[in-house]
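Inside the fold
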Amino acid sequence: MSGLLLIEQSLNGLQFGLMLFLLAAGLTLVFGIMDMINLAHGSMYMVGAFVAAWLVELTGSFVIGVILAVPLTGLFGMAMESTLLRTLYARDHLSQVLATFALILILNESVRMIWGSDLPMSAPAALAGPVELMPGLSYPAYRLLIIAVGLLLALALYVLVARTRIGALVRAGASNREMAMTMGVNIARLFTAVFGVGAALCAVAGALLGPLFAVQVGMGESILILAFVVIVIGGIGSVRGALVGSLLVGMVDTLGRTVMPHLFREFLPPQMASAAGPAVASVIVYLLMAVVLFVKPEGLFPARG
Amino acid sequence: MSVRHSFRLRSLTAACAAAGLAGLWGLAPAQAADKVKVGFVSTLSGPSAGLGVDIRDGFLLATKLSGGKLGGLPAEVIVSDDQFKPDVGKQLFEKNIKRDKVDFMTGVVFSNIMLASVPEAFSSKTFYISPNAAPSNLAGKECNPFFFAVSWPNDAYHEAAGAHATRKGYKNAYLLAPNYQAGKDSLAGFKRHFKGKIGAEVYTKLGQLDYSAELAEIRAAKPEVLYVFLPGGMGINFIKQFVGAGLSKDTTLLVPGFGSDQDIIRPVGDSMLGLFDAAHWALDLDNAANKKFVAEFEKEYKRLPSLFASQGYDAALLIDAAVRDLKGRLDDKDAVRKALRTAKFASVRGDFKFNSNHYPIQNYYLRVVGKDGQGRLVNKTLGEPIFRNHGDAYVQDCSMK
Amino acid sequence: MTMAAPRPLALNTFAAGLALALAIAFPFAMQALQAEFYISVASRIGIYAIAATSLNLLLGYGGLVSFGHAAFFGIGAYCVGVPIAEGFANGWLGFALAMAVAGAAALAIGAISLRTRGVYFIMITLAFAQMLYYLANSIKAYGGDEGLNITSRSDFGFGLDLKDDTTFYFVVLVVLAAVLTGLRRLVSSRFGRAIQAIRDDDVRAESIGYPTFRFKLLLFVIAGAIGGLAGALMVNQQNYVNPSLLYWTQSGTLMIMVILGGVGTVWGGLIGAAALLILEETLSAYTVHWQFYVGWILLLVVLFAPRGLAGLMARRRPLP
């Protein structure tokens, strides 16, 4: 594999990993602080994408559409939290799994009733072409935007969580919720805020990935499971863990689509080599998750104690 | 009341509720023999819905133009969405055949869904008229008397493209297709008629929408010509990302008609100009049936038809011609088969003939994406047909004669 | 002495007898009404009932929230489907293989997973199921994600033609009845009561002297094997097997059936499977958005009727 190819594939892995991080960050905080398994998190990603695609169509501007979609989805997330999800905090994990699974069904069909089963979404024309990063390596401008936004948000989250008072409250809640409550933290409002931020981050990912993937009902389901893998590996409740986990999973997935089929093509017919590559990459990802759960269940960067 | 007694009461109530539900299902009455029932199962949602919607619209247009009838009998077309899932398609086939007792099944876009579903039709002796998927296994050893392909053999467009690439003098090709039966057929077809070297043969996951990894590989390989079979939403995304990665400047892209027709032209736009492809049909084919079809389709649906729509239209015309010849005798399966084999109808593609394996023998044309008189992007036929009266490579393995 | 689950309904033989009589009469009624299609619908319900019951054994009686149960369902299906595709259609051997391999997989997965607790257990069972899902996807020789068409059904001899819908229905009915009877016997046996004690308070159970890990593992294996049996029936019903049988949403569907029907009750799996599939069949005739209504029903059940439909049917037990 040539150097330029390696750089380009690394950029692809980075791009995928950063978007996965946006989902995982919100999920890990909700899981870590509220101790709630929220399967409907992927639905926030879907709602964000649909709202963005719809607003882009409505306003004719990609930037306005995406920027408006983010707080709207955040507000929707907060509304859902303060009405429905709040009742699940005290319940056992099985009830949470089932109730949020039911929410997936409800949200999928609600979106379908409002907008239909899919919406078209195009990248802004200005970013439809490539950028020459170095001689021989052109990279799509739009994906560079995604990487830039992802890095910016990762930095912003780091500053928020590690350097601000709110971040301290969040970390306190993640590491020991009961203690935080006895210390006088308004847990209810903190929870709602965390949920809203999580939903907003999902919306950023959904809106940015909309032009690359397809804005369609059910788009959250496959990425949701990956987000769970990431937060388990990284450590439930840890944003830093979510970042490391996402980048790891992003790289393995990209390698699985390219390096592994190359390898397999040496001794397997092309159809089988092409099928085996990504499948083996996925198996590796889940194997990693199982190993972490068995050996160090708190994850690579434990948030608790 | 003892526990046992009250429970008995509740169980009986539950049983009555179940019986009431049975009523809600509206258990079907006995089959009426004075109309034609067609089960239409296709992909009507998701990124590749454009194909299913086009086939459906073409089929329903033909039915409408003959007064809601097929072969002189009132037609009932039951349309359902397979959601791009083989198990859903299979269940819909079962429902249409066993519950609705249809006379014909049709509609499926994708080969994997079709292959999972047609066994239901075959085992119940129901005819399946394929307006799209026509895989190689059903053309050869596994050919079936209840299967009729009104579209083309899966390999055909790709064979034509391969022949064209050879004539253009390309020495080296990089191939890409989705990893399912039709994908396998496509690259096999291309290789059969391409005399140059194959640089790489890559299969992507069916339904995959992000091609960043594959495009990076293509850039590194620097192929002379890139042949890509990606229908529907896959094709839309690939071409957008191909252009976005800057590859459209240095790499020659060649596609089968599936990769460049109206469903892809509409979302992608002008970057498609100049793209070459091979197909059995185009908007500008010069025959009366086609002119009527294109005009009526545009009038009814306010958009230009794709080759998928033309196939749906022809499927309805085939059923119409066969039922007309049968004069209502839809129960005699051998008669139906004979009628389908010998049906005479004015296909929008020009001459139409079935091979002994129920796959078409027809011409294939070179097309290029350009602008029509009204500035719209369309595929125009170019030069002489690549193949005339071309069948398929598997017919000799079929035991039907 | 169990504290959480309602008294097993199956003690009521009248209900069981009535249900059995209706079930036996059903296919003939459908034939008379020219609605044979519903016989295969009923078979599907029966198969899911078996799968959901096996999950209920884990979930309700064992208190083990396994999010990867679909894996055993899928393994069972492939263990029968692949041999048939290769020419070995013997039903007895095929079904035995399905149960054995599913049970073995459960042994391996359980041995590792049961060493974790709480949410980690949920996640690790999910991880293993997903691994098997991707493994099934990778084996293109047996279809991969395109799935595998099976041209004939399992052959059990005695002139039993499983291709006939009514015959197949009765096979499913026999297996379902056996599974339900077996479950009732199991939960009232010493092992069953020990398992429920472990579920309620496993520290206390361990201090009493129960080998908690081994008992939980045994339960896991039994549940896995029955799940595999359901899968073996499923591949016969569909004449098709594909990896989606192992996907996490399939595990979710089984969990929904268990909660709808009643966690920790003998009839829960059957009631839940029947309720969900009948809801789907009925609602989808009226609206394409039927999942919306199912979602709300499920949500309401989780929030307000956590013991499910069977819980509603049972007499309320006064808490001691």
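Above this text you will find the structure in question.
For clarity, every value in this text was computed on a predicted model and none was experimentally measured.

Moving on to the interface of chain A and chain B. Contacts between the two partners involve 30 residues from chain A, matched on the other side by 28 residues from chain B. Taken together, both faces of the contact between chain A and chain B bury some 2300 Å²; the carbon and sulfur share is 47%. Applying the counting criterion to the chain A and chain B interface returns 2 salt bridges. Arg219(B) is the salt-bridge partner of Glu8(A), the closest N and O atoms lying 2.8 Å from each other.

Let us look at the interface of chain A and chain C. Each side of the interface is counted separately: chain A has 44 residues, and chain C has 41 residues. Connecting chain A to chain C are 0 salt bridges. Of all the secondary-structure elements, those providing two or more residues to the side of chain A that touches chain C are helix H4 (93–115), helix H9 (219–234) and helix H11 (270–295) of chain A. The element best represented in the side of chain A that touches chain C is H4(A), accounting for 15 residues. Classifying every residue of the side of chain A that touches chain C by side-chain character gives 32 nonpolar, 7 polar and 5 charged.

Residue and element names in this part refer to chain C. Interaxial distance between helix H2 (residues 37–61) and helix H11 (residues 268–286) falls to 7 Å at its minimum, and their mutual angle equals 140 degrees. Considered as vectors, H2 and H11 are oriented oblique to each other. Where H2 crosses over H11, the handedness of that crossing is right-handed. Listed contacts from H11 to Phe-37, Tyr-38, Val-41, Arg-44, Ile-45, Tyr-48, Ala-49, Ala-52, Thr-53 and Asn-56 of H2 are Gly-268, Gly-269, Leu-270, Ala-273, Ala-274, Leu-277, Ile-278 and Glu-281.

This paragraph deals with the sheet that holds strand S4 (residues 104–106) of chain B. Residue and element names in this part refer to chain B. Sheet architecture is open: 6 strands sit in the order S2-S3-S1-S4-S5-S6, paired in mixed fashion. The open sheet terminates on both sides in strands that have one partner only, identified here as strand S2 (69–70) and strand S6 (147–149). Bridging between S2 and strand S3 (residues 73–81) involves 2 bridges; their strand directions are antiparallel. Looking across to S3, one finds that Leu-70 is bridged to Leu-73. In the packing of helix H3 (residues 86–99) onto the sheet, contacts are made with strand S1 (36–42), S3, S4 and strand S5 (127–130), and the angle to S1 comes to roughly 170 degrees.

Here we come to the side chain of Asn379(B). All names here are of chain B. When you line up the elements, Asn-379 lands in strand S14 (residues 377–381). Owing to a relative accessible area of 3%, Asn-379 belongs among the buried residues under this scheme. In this structure the side chain of Asn-379 is engaged in a polar contact, spanning 2.9 Å, whose partner is the backbone oxygen of Ser-260. Look past the residues within four positions of Asn-379 in its chain and what remains in contact with it is Ser-260, Asp-261, Ile-265, Asp-277, Ala-282, Leu-283, Asp-284, Arg-367, Val-368 and Val-369.

Let us now look at unusual backbone geometry. All names here are of chain B. The backbone phi angle of Gln-83 is positive, close to 55 degrees, even though this residue is not glycine. You can see Gln-83 is positioned in the loop between S3 and H3. Judged by relative accessible area, which is 37%, Gln-83 ranks as partly exposed.

With that settled, consider a nonpolar patch on the surface. Residues and elements named next belong to chain A. A surface patch of nonpolar side chains, amounting to about 340 Å² of accessible area, comprises Leu-4, Ile-7, Val-131, Leu-133 and Met-134. For the nonpolar patch, the elements supplying multiple residues, two or more each, are helix H1 (3–34) and strand S2 (130–134). In terms of residues, the nonpolar patch owes the most to one element, S2, which gives 3 residues.

How each quantity is defined
- Within each chain, residues carry numbers counting from 1 in the order of the written sequence.
- Throughout, the order in which chains and ligands are written sets their labels, letters from A for the former and numbers from 1 for the latter.
- Only residues with pLDDT of 70 or above have their local features reported here, since the model is predicted, and side-chain atom pairs are shown and tallied only from 80 upward, although totals for entire chains, interfaces and linings are computed over all residues.
- Excluded from the side-chain calculations are hydrogens and water; all other atoms, namely the structure's heavy atoms, are used.
- In what follows, a contact means two residues having at least one pair of non-hydrogen atoms within 4.5 Å.
- What counts as buried area is the accessible surface, traced by a 1.4 Å probe, that two parts surrender upon association, with contributions from both included.
- Here a salt bridge means any side-chain nitrogen of Lys or Arg lying within 4 Å of a carboxyl oxygen belonging to Asp or Glu.
- Each helix is a run of DSSP H or I of at least 4 residues and each strand a run of E of at least 2, with the numbering of both proceeding from the N terminus.
- Throughout this entry, Asp, Glu, Lys and Arg are counted as charged residues, while Ala, Val, Leu, Ile, Met, Phe, Trp, Tyr, Cys and Pro are counted as nonpolar. The remaining residues, Gly among them, count as polar.
- For helices, the fitted line uses only the C-alpha atoms of the stretch in contact; every axis is such a line through C-alpha atoms, and the angle between N-to-C directions lies from 0 to 180 degrees.
- Each angle is binned into one of four classes, with values under 35 degrees roughly parallel, values over 145 roughly antiparallel, values of 65 to 115 roughly perpendicular, and all other values oblique.
- Two helices that cross are described as forming a left-handed crossing if the nearer one is turned anticlockwise from the farther one by less than a right angle, and a right-handed crossing if clockwise.
- Pairs of strands are assigned from DSSP output, requiring at least two bridges between the strands.
- Partly exposed describes any residue whose relative accessible area lies between the buried limit of under 20% and the exposed limit of over 50%, with all areas from a 1.4 Å probe on protein chains only and scaled to the type maximum.
- Polar contacts, as used here, are pairs of N or O atoms within 3.5 Å; protein pairs need one atom able to donate a hydrogen and one able to accept it. Residues neighboring in sequence count only if both atoms are side-chain atoms.
- Candidates for patches are residues over 30% relative accessible area with no salt bridge; among them, like charges are joined within 9 Å and nonpolar side chains (Val, Leu, Ile, Met, Phe, Trp, Tyr) within 5 Å.
- Where accessible areas are quoted, they stem from the Shrake-Rupley method and a 1.4 Å probe; at the residue level, only the protein chains shown are allowed to cover.

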